[in-house]
Amino acid sequence: MEVAASTNGQLTPPIMGAAAFLMVEYVGISYVEVIKAALLPALISYIALIYIVHLEACKAGMKGLPRRHNPTLIQSLLSFTGTILGLCVISAIVYYGIGWTKGVFGDAATPIVGRFTALLYRTVAYFS
């Protein structure tokens, strides 16, 4: 199962390893077209992998761990909404934030943003 999941990670868009770039080079189509063509088979592969894991767990008689806390519907909706809003904010920061750094820092923008991200990660990990 681990091997199948790892292989799927290399074949799933938009990562696809070097295979996508080789297809673009040799077939002569755009990268977006390769991603569109690979999306449905990748989803089917992941769904099949999840189903096989479920069947194997049922055969082995495995049960899930009991929950320590059962959230209410309101708590679940607030958590889901907070997650989506957080992802939107992070996406906006990355999309709009990285663009202006090129104009300000020039070629040094990528190392500066990388170091800032590493510092932010360490700070969050320290307080977690």
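Residues numbered from 1 in each chain as written. Predicted model: local features only at pLDDT ≥ 70, side-chain atom pairs only at ≥ 80, totals over all residues. Heavy atoms only, no water.

Glancing now at the overall build of the protein chain. What the protein chain contains, in helices and strands, is 5 helices and 0 strands. Ordered by position in the sequence, the α and β elements of the protein chain form the string α-α-α-α-α. For 128 residues, the compact-globule formula gives about 14 Å, and the C-alpha radius of gyration of the protein chain, at 21 Å, lies well above that figure. Projecting the C-alpha coordinates of the protein chain onto the three principal axes gives extents of approximately 60 × 45 × 25 Å. For the protein chain, the proportion of its 128 residues judged to be buried stands at 9%. Carbon and sulfur atoms provide 72% of the accessible area of the protein chain, an area that totals close to 10,800 Å². Where the 8 positive side-chain charges of the protein chain centre and where its 5 negative ones centre are 16 Å apart. (Helix = DSSP H or I, 4+ residues; strand = E, 2+ residues; numbered from the N terminus. Rg over C-alpha atoms; globule rule 2.2 N^0.38 Å. Buried < 20%, exposed > 50% of the residue type's maximum accessible area, 1.4 Å probe, protein only. Areas by Shrake-Rupley, 256 points an atom, 1.4 Å probe, with all protein chains shown as cover. Lys, Arg positive; Asp, Glu negative; His and termini not counted. Charge placed at Lys NZ, Arg CZ, Asp CG, Glu CD.)

Before going further, it helps to spend a moment on the environment of Leu49. Topologically, Leu49 is positioned in helix α3 (residues 31–59). Using a relative accessible area of 13% as the deciding quantity, one classes Leu49 as buried. C-alpha of Leu49 to C-alpha of Ala5: the two residues are 44 residues apart in sequence and 7.6 Å apart in space. Once residues lying within four places of it in the same chain are set aside, the contact partners of Leu49 are Met1, Ala4, Ala5 and Asn8. (Contact = heavy atoms within 4.5 Å.)

Inspection of the secondary structure assignment puts Asn8 in helix α1 (residues 2–11). With residues up to four places along the chain from it excluded, the contact list for Asn8 reads Ser45, Tyr46 and Leu49.

The next thing to look at is the packing of helix α4 (residues 73–105) against helix α5 (residues 109–127). Remark: α4 packs on α5, axes separated minimally by 9 Å, with the N-to-C direction vectors making an angle of 125°. By the angle between their axes, α4 is oblique relative to α5. When the axes of α4 and α5 are compared, the crossing they make is right-handed. Across the interface between the two elements, Ile98, Thr101, Lys102 and Phe105 of α4 pack against Ala109, Thr110, Ile112 and Val113 of α5. Per-class residue counts for the contact of α4 with α5 are 5 nonpolar, 2 polar and 1 charged. (Axes fitted to C-alpha atoms, helices over the stretch in contact; angles between N-to-C directions. Parallel < 35°, antiparallel > 145°, perpendicular 65-115°, else oblique. Left-handed = near helix turned anticlockwise from the far one by under 90°. Nonpolar A, V, L, I, M, F, W, Y, C, P; charged D, E, K, R; others polar.)

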